[in-house]
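Examining the three-dimensional arrangement
What follows is the residue order along each chain.
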Amino acid sequence: MVNILNSIFLISGRHGVYTGVPPTVMAGFVVVAAALILLGFFLTQKRRSWYQHSQLTQGEIVEISKRFDRSDRRGQHPIFFPVVSFSVNDRQFKIEADKGMAILSQIGQKMQVRYNPENPYESALGESNIPGIKPSVFFALGLGLLMASLLLMLK
C-alpha cells in the first residue's frame, strides 16, 4: 500500500508546503482592482462634465411600450416604458425610458429631458439622470477585488 502511495506522489510531481497564491497573481489582482477604481473616477468626471454641459427641455410622451418580467408567467404585472419625444433646434428626437414604471403614464403627459446640446441623441429622462453606466459599479468591483486580494495575501 505504501508503494502505491509513493508511486502516486511520484507521478503527481514535486510536493511541498502549500504557500498560498503566488505574489505575482496577487499583484495582478491589485493592478486590475486599481484600474477598475481609476475607471470609476474617470467615468465620474465624464458624467459630471456631461451634466454641467447638458440642457433641460420639456418632452411629451408619445408612446408607451408594455413589457413583462420573466418571472411574471401570467402577465398580471406589466412594466411600462414611456417613449418621449422632444425638440432641439426644430428637430424631433425620441428617447425610451431605460427603467420601467409600475403605473401607466398618459400619452401627452409632459416629462423633463436632459440632453447634450452637441448631440441630442445623448439624452436621459428626468431632471438629474445621466445616460451611461454608473461609476459605482466599477468602484464596487474594484474595491471588492482589492479586498479579496488583500485577504488572500494575509492568509
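Please read these numbers as outputs of a predicted model, since none were measured by experiment.

Ring pairs (aromatic) are described by centroid distance and by the angle formed between their planes. According to the stated counting rule, one finds four aromatic pairs in the structure shown. When the centroid spacing of 5.7 Å and the interplanar angle of 25 degrees are considered together, the rings of Phe 86 and Phe 93 count as stacked. Both residues of the pair, Phe 86 and Phe 93, belong to the buried class. Taking the centre distance of 5.0 Å and the plane angle of 85 degrees together, the rings of Phe 93 and Tyr 121 count as edge-to-face. Linking Phe 93 in strand β3 (residues 91-96) with Tyr 121 in strand β5 (residues 119-125), this pair joins segments that are 28 residues apart in sequence. Taking relative accessible area as the criterion, Phe 93 reaches 4% and is therefore assigned buried. Accessibility expressed as a relative area gives 62% for Tyr 121, which makes it exposed. The rings of Phe 86, Phe 93, Tyr 115 and Tyr 121 are connected pair by pair, giving a single aromatic cluster.

Residues Met 147, Leu 150, Met 153 and Leu 154 make up a contiguous nonpolar surface patch of roughly 430 Å² in combined accessible area. With respect to the element layout, Leu 154 can be found in helix α3 (residues 136-154).

Moving on, we get to the side chain of Ser 54. Looking at the secondary structure, you find Ser 54 in the loop between α2 (23-53) and β1 (55-68). At 2.9 Å, the side chain of Ser 54 forms a polar contact with the backbone oxygen of Tyr 51. With near-sequence residues (within four places) excluded, Ser 54 lies in contact with Arg 114, Tyr 115 and Pro 117.

With that settled, the discussion passes to the environment of Met 26. Among the structural elements, Met 26 can be located in helix α2. Its relative accessible area of 2% is what places Met 26 among the buried residues. The spacing of Met 26 and Met 153 is 127 residues in sequence and 7.1 Å in space, taken between C-alpha atoms.

Successive side chains on a regular strand alternate, one facing one side of the sheet and the next facing the other. Taking burial as the measure, the eleven residues of strand β2 (residues 78-88) include eight buried ones, the bulk of the element. Bridge count for β2 against β3 is six bridges, and the pairing is antiparallel. Counted as the bridge partner of Val 84 is Ile 95 from β3. What sits between β2 and β3 in their antiparallel hairpin is a turn of two residues, with Asn 89 showing a positive phi close to 50 degrees.

Turning our eyes to something else, we now look at the pattern of salt bridges. Applying the stated criterion to the full structure yields one salt bridge. For Glu 60, the salt bridge is made with Lys 110, and the minimal N-O distance between the two is 3.2 Å. With Glu 60 in strand β1 and Lys 110 in strand β4 (residues 110-116), the pair connects residues that are 50 residues apart, well separated along the chain. By relative accessible area, Glu 60 is classed as partly exposed at 31%. Overall, Lys 110 belongs to the partly exposed group, its relative accessible area being 48%.

Rules used in this analysis
- Residues numbered from 1 in each chain as written.
- Predicted model: local features only at pLDDT ≥ 70, side-chain atom pairs only at ≥ 80, totals over all residues.
- Heavy atoms only, no water.
- Phe/Tyr/Trp six-rings, centres within 6.5 Å; stacked < 30°, edge-to-face > 60°.
- Buried < 20%, exposed > 50% of the residue type's maximum accessible area, 1.4 Å probe, protein only.
- Helix = DSSP H or I, 4+ residues; strand = E, 2+ residues; numbered from the N terminus.
- Patch = residues over 30% accessible without salt bridge, like charges linked within 9 Å, V, L, I, M, F, W, Y side chains within 5 Å.
- Areas by Shrake-Rupley, 256 points an atom, 1.4 Å probe, with all protein chains shown as cover.
- Salt bridge = Lys/Arg side-chain N within 4 Å of Asp/Glu carboxyl O.
- Polar contact = N/O pair within 3.5 Å; in protein donor to acceptor, adjacent residues only side chain to side chain.
- Contact = heavy atoms within 4.5 Å.
- Pairing = 2+ DSSP bridges.

As far as function goes, none of this settles anything; it's purely spatial.
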